[in-house]
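What follows is the residue order along each chain.
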Amino acid sequence: MNKTVEQKRGWILASLMMTMMLAAMDSTIVSTAIPHIVSDLGGFTKFSWVFSIYLLAQTITIPLYGKFADIFGRKHILIFGIVVFFIGSATSATAWNISSLIIFRGIQGLGAGSIMATVNTIVGDIYTIEERARIQGYLSSIWGISAILGPALGGALAEYLNWRWIFLINLPIAAASIYFLSVFFKENVVSVKSKIDYKGAILILLSLSLLFIYLLESGQSWPWISVQSFVLLGLIVILIIWAVRTEIKQPHAIMPIWVWKNKTLAFTNLAMAGMGIVMMGPETFLPTFCQTSLGLGTIASGSCWQL
């Protein structure tokens, strides 16, 4: 491989790592700033939605972005996602109450879904099989760095500047990523004829959204054992069954059933889900607990979940 091509791949990898940093960091950087945010905006009982809406929007759009990337090309979909993330970050910094922040965080999540769906795919396109393990190590390190650096950085920005800076710092990184991808990543798009399973996507969106509402609002907006809870659970079960039956019959399913029939993929996905639960719970709630109950400082609370 000539030196020019190698240099271009280096710039592309740098832009992909910066892009991945955006999605990874915003899962953790907000946690230590929550007391400052709710002190300014109010709505403490809704603060868990600030995290949940981001993860929900990201999760449900990943399969769709994967389909779109096959049809329109990885580069266009990734840049589109970064632009959406840019808009979500800019608007989150201007939030005037907790409800507006939740909406803008949802926009951020929509952009993060594109990032999660396409970054690793682009790596697979430009690197050989022998090289991918080393490159995956670089990308995976972003998540470890984000888990450690994100809460501390969020606490420092909230303490010494303003909590709005935890969103504003995304803007120059996103702009740099778009520039490098536009200049160095040349993609020959081979459009793949594929029908998009909109029905399955909508059913998955509705079932997951209602599940989030049930888990976050039950016990607060209404009792766990109540008519509202039972009605919501019934709707969730119906939608899940409907979604599974739809995906079984759909040849271009947004969530193919064969993924869950393959033991390796199924157990890997379950392990990742378990790891996400174990990591996200402490990262989300412990910094707030450490600040409000243990009296730790904003920056110190970012490390309390690691103790």
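Residues numbered from 1 in each chain as written. Predicted model: local features only at pLDDT ≥ 70, side-chain atom pairs only at ≥ 80, totals over all residues. Heavy atoms only, no water.

1. Structural notes on the side chain of arginine 74
Then, in step 1: Among the structural elements, arginine 74 can be located in helix H4 (residues 74–92).
Then, in step 2: The contacts of arginine 74, once residues within four sequence positions are left out, are Ala69, Thr118, Thr121, Ile122, Asp125 and Glu187. (Helix = DSSP H or I, 4+ residues; strand = E, 2+ residues; numbered from the N terminus. Contact = heavy atoms within 4.5 Å.)

2. Considering the packing of aromatic side chains
Then, in step 1: Scanning the entire structure with this criterion turns up nine aromatic pairs.
Then, in step 2: Judged by centre distance (6.4 Å) and plane angle (85°), the ring pair of phenylalanine 47 and phenylalanine 51 falls under edge-to-face. Of the two residues, phenylalanine 47 and phenylalanine 51 are both situated in helix H3 (residues 47–72); the distance of four residues between them amounts to about one turn of the helix. Considered together, phenylalanine 47 and phenylalanine 51 belong to a single accessibility category, that of buried residues.
Then, in step 3: The interplanar angle of 40° and the centroid separation of 6.2 Å between the aromatic rings of phenylalanine 68 and phenylalanine 72 together place this pair among those described as tilted. A residue pair is termed a helical-turn pair when its members lie 3 or 4 positions apart in one helix, as phenylalanine 68 and phenylalanine 72 do in helix H3 at four residues.
Then, in step 4: Clustering of aromatic rings is evident, with ring pairs tying together Trp11, Tyr179, Phe180 and Phe184.
Then, in step 5: A cation over an aromatic ring shows up here: arginine 105 above the ring of tyrosine 54, its NZ or CZ 4.5 Å from the ring centre. (Phe/Tyr/Trp six-rings, centres within 6.5 Å; stacked < 30°, edge-to-face > 60°. Buried < 20%, exposed > 50% of the residue type's maximum accessible area, 1.4 Å probe, protein only. Lys NZ or Arg CZ within 6 Å of the ring centre and 35° of its normal.)

3. Topic: the pattern of salt bridges
Then, in step 1: Under the criterion given, the structure shown has five salt bridges.
Then, in step 2: Linking aspartate 26 and arginine 105 is a salt bridge whose minimum nitrogen-to-oxygen distance equals 3.2 Å. A residue pair is termed long-range when its members are at least 10 positions apart, and aspartate 26 in the loop between helix H1 (3–25) and helix H2 (34–41) and arginine 105 in helix H5 (residues 98–126) qualify at 79 residues. Each member of the pair, aspartate 26 as well as arginine 105, is classed as buried. (Salt bridge = Lys/Arg side-chain N within 4 Å of Asp/Glu carboxyl O.)

4. Considering the confidence of the model for the protein
Then, in step 1: Mean pLDDT for the protein: 82, with 93% of residues reaching 70 or above.
Then, in step 2: When pLDDT is averaged over each helix and strand of the protein, the minimum, 70, is found for helix H13 (residues 298–301) and the maximum, 93, for H4. (pLDDT = per-residue confidence, 0-100.)

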